[in-house]
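# Working through the structure, step by step
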Amino acid sequence: MGLAVKDAVVLSVEQINQKGGIKGRKVKLLIKDDENDPKRVGEIDVELIEEGVVAIVGHTTSLLTHSALDIMNKRDMLLLSPTTSSRRVIEIDDNMISLYPPNTLEQDILIHYIIDETDIRNISIIYDSDNSVFCDSGLSYFSALFSNKGGAILNETPFSSNNKGEIYEVVADSMVEGTEGILMIASAVDVPLISQQIMKINRDLAKFSTGWAFDDNLIYNGGYAVEDLVLPLSWDYGSDSQLYNVFKRHYYERYGKYPNYTEGFAYETMMILFESLKSVERITPMTIREQILKKADFDGLQGKIKIDGYGGTFRDVQVFKIKEGEFVRVDH
C-alpha cells in the first residue's frame, strides 16, 4: 500500500509541475519510508516537519496513522491519509484527513449482503492483531451488527502478520463446530495465505474479507483458493468516469500497470491538496486544512467526495466477488 500511494503521488506531482506548479512555483516532493513501523513514524514525521513541508501524505494503515496523530496535533501539521479507515482515528477532531471512508460503511454493506443474499448465519473471524487500531474497531462493530441482524459470531481468532508460520494453526482453531463462513480482516498479503489453509481443511466454507485486502495481489497470490471470496469496497473498477479513465491511462503510461483503489485514493488526495493550495492566500498546514474542511465537497476521479468536519470521507460502497480470477461487482 505504501508503494502504491508513493507511485500515485509521484505521478500527480509530475503532472502539476508540468503545468507550472502552484501559483508559479513547482511542488517539491520529499519521500520517506515509515517501514510500516509505529516507532519509525514519529522519527520521519519530525524530519519532514523540520524540513518545512506544508502537508504529509500518509500513513497507509490505521495503526501508523494513529501513531502519528500526537505529533501532527502538537506541531500543527496536516496529515492526509489516502487509506486510513478506522473509526478510532477518523471520528475525532485532529489534524488528519482521510480519503477512505470509515470501515463501518463497508461492514454495513457486507453484513447486509450476507444476511440478505446468502443462507450463512454462523461466522468465525480471523484478524491481524498487528493492526489493532483497524481490527479492534472493525471487530466490535461487525460482531454487534451481525448479531443484531440474526447472525452469530462463533469465534474470533487473532494472528500476527509477522509470523506466517502460525497461520495454519490459526485457521484450524477458528473453525469451530457450526462455522459456515470465515471473515478475514487482513491485508492482500495474508488473506491468500489464510484462504489456502481454509481450502485444506474445509473447501466448502464461504470466505469474506474487507477493503484492506482489495488488491491484485490478492488474486495473484491466492489463485483458486480465493475464488468466490466476497469483499466490499468504496471504489468502482468499472466506472465510466472520464477523469478516472484518463488517470488510468496516465498511470499505465507511467508505470506499465493499471492502478488499484489505493493509487486512486492517493491521486484524489493530491487533487484535493493542489486545489486547496491554489485557494489559500497564505500557505500553511492549518490554512490548507481549514480550506479543505470549509469546502467539504470535491470532484474525485469517480464522482463527488464529501469530507465532514472531522476529516472523514463518505463514498458509496460496492460488493465484489472474485470470479475466474477477476473482481466482479455483485448487485444486491
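Residues numbered from 1 in each chain as written. Predicted model: local features only at pLDDT ≥ 70, side-chain atom pairs only at ≥ 80, totals over all residues. Heavy atoms only, no water.

### Description of the layout of surface pockets
Defined as follows: Definitions used throughout: a 1 Å grid over protein atoms alone; a cavity as a set of points that fits a 1.4 Å probe which cannot get out; a pocket as an open set with protein on both sides within 12 Å along at least five of seven lines; a lining residue as one with an atom within 4 Å of a point. Grid points are joined across faces, edges and corners, and a volume is the space filled by probe spheres set on the points. For helices the rule is a DSSP run of H or I covering at least 4 residues; for strands it is a run of E covering at least 2, with both sets numbered from the N terminus onward. When residues are sorted by character, Ala, Val, Leu, Ile, Met, Phe, Trp, Tyr, Cys and Pro go into the nonpolar class, Asp, Glu, Lys and Arg into the charged class, and all the rest, Gly among them, into the polar class.
One number sums up the size of the second largest pocket: a volume of about 440 Å³. As for the second largest pocket, its lining consists of 17 residues, and the residues nearest its centre are Gln15, Ile16, Lys19, Tyr267 and Met271. Within the residue set of the lining of the second largest pocket, elements represented by two or more residues are α1 (2-18), α10 (242-255) and α11 (261-279). Residue classes in the lining of the second largest pocket are distributed as 9 nonpolar, 4 polar and 4 charged.

### Some points on α11
The following threshold applies: A helix is expected to reach a length of 1.5 Å times the quantity of its residues less one. The buried label applies to any residue whose accessible area, calculated with a 1.4 Å probe on protein chains only, is under 20% of its type's maximum; exposed applies above 50%, and partly exposed to all values in between.
With 19 residues, α11 extends 27 Å from end C-alpha to end C-alpha; this agrees with the ideal 27 Å at 1.5 Å per step. With 15 of 19 residues buried, α11 lies mostly within the body of the structure.

### Focus: α1
Counted only if it meets this: Whether two residues are in contact is decided by their heavy atoms, any of which lying within 4.5 Å being enough.
Taking 1.5 Å of rise per residue, the 17 residues of α1 would be expected to cover 24 Å, and the 24 Å separating its terminal C-alpha atoms lies within 8% of that figure. The buried fraction of α1 amounts to 12 of the 17 residues, a majority that puts the element mostly inside the structure. Restricting attention to buried positions, one finds in α1 the residues Ala4, Val5, Asp7, Ala8, Val9, Val10, Leu11, Ser12, Val13, Gln15, Ile16 and Asn17. Turning to α1, the residues buried within the fold contact β1 (56-57), α10 and α11. Positioned one or two residues after α1, Gly20 has a phi angle of 105 degrees, which is positive.

### Some remarks on the confidence of the model for the chain
The line we're drawing: Per-residue confidence from the predictor is reported as pLDDT, a score between 0 and 100.
Looking at the chain, the pLDDT average stands at 93 and 100% of residues meet or exceed 70. Mean pLDDT in the chain bottoms out at helix α4 (residues 87-90), which sits at 79, and peaks at β1, which reaches 98.

### Remarks on unusual backbone geometry
The residue after Gly58, namely His59, is reached through a cis peptide bond having omega -15 degrees. Position of His59 relative to the elements: it lies in the loop between β1 and α3 (62-74). For Asp76, which is not glycine, the phi dihedral falls at a positive 50 degrees. Along the polypeptide, Asp76 turns up in the loop between α3 and β2 (79-81). By relative accessible area, which is 44% here, Asp76 ends up partly exposed. Despite not being glycine, Asp228 has its phi angle at roughly 75 degrees, a positive value. Structurally, the position occupied by Asp228 is in the loop between α9 (216-222) and β8 (230-233).

### A word on the packing of aromatic side chains
This is how the line gets drawn: Pairing of aromatic side chains requires ring centres within 6.5 Å, counting the rings of Phe and Tyr and the six-membered ring of Trp. Pairs whose planes differ by under 30 degrees are stacked, by over 60 edge-to-face, and all others tilted. Any Lys NZ or Arg CZ that is within 6 Å of a ring centre and within 35 degrees of that ring's normal is treated as a charge sitting over the ring.
What the rule picks out here adds up to 17 aromatic pairs. An angle of 25 degrees between the planes, with centres 4.0 Å apart, marks the rings of Phe214 and Phe327 as stacked. Residue Phe214 is located in the loop between β7 (206-209) and α9, and its partner Phe327 is located in strand β13 (residues 326-330); the two are separated by 113 residues in the primary sequence. Overall, Phe327 belongs to the buried group, its relative accessible area being 19%. Site record: aromatic cluster; members linked through ring pairs are Tyr100, Phe214, Trp235, Tyr237, Tyr244, Tyr261, Phe265, Phe320 and Phe327. Stacked on the ring of Tyr258, the Lys or Arg Lys248 has its end atom at 5.7 Å from the ring centre. Positioned above the aromatic ring of Phe298, the side-chain terminus of Lys295 is 4.7 Å from the ring centre.

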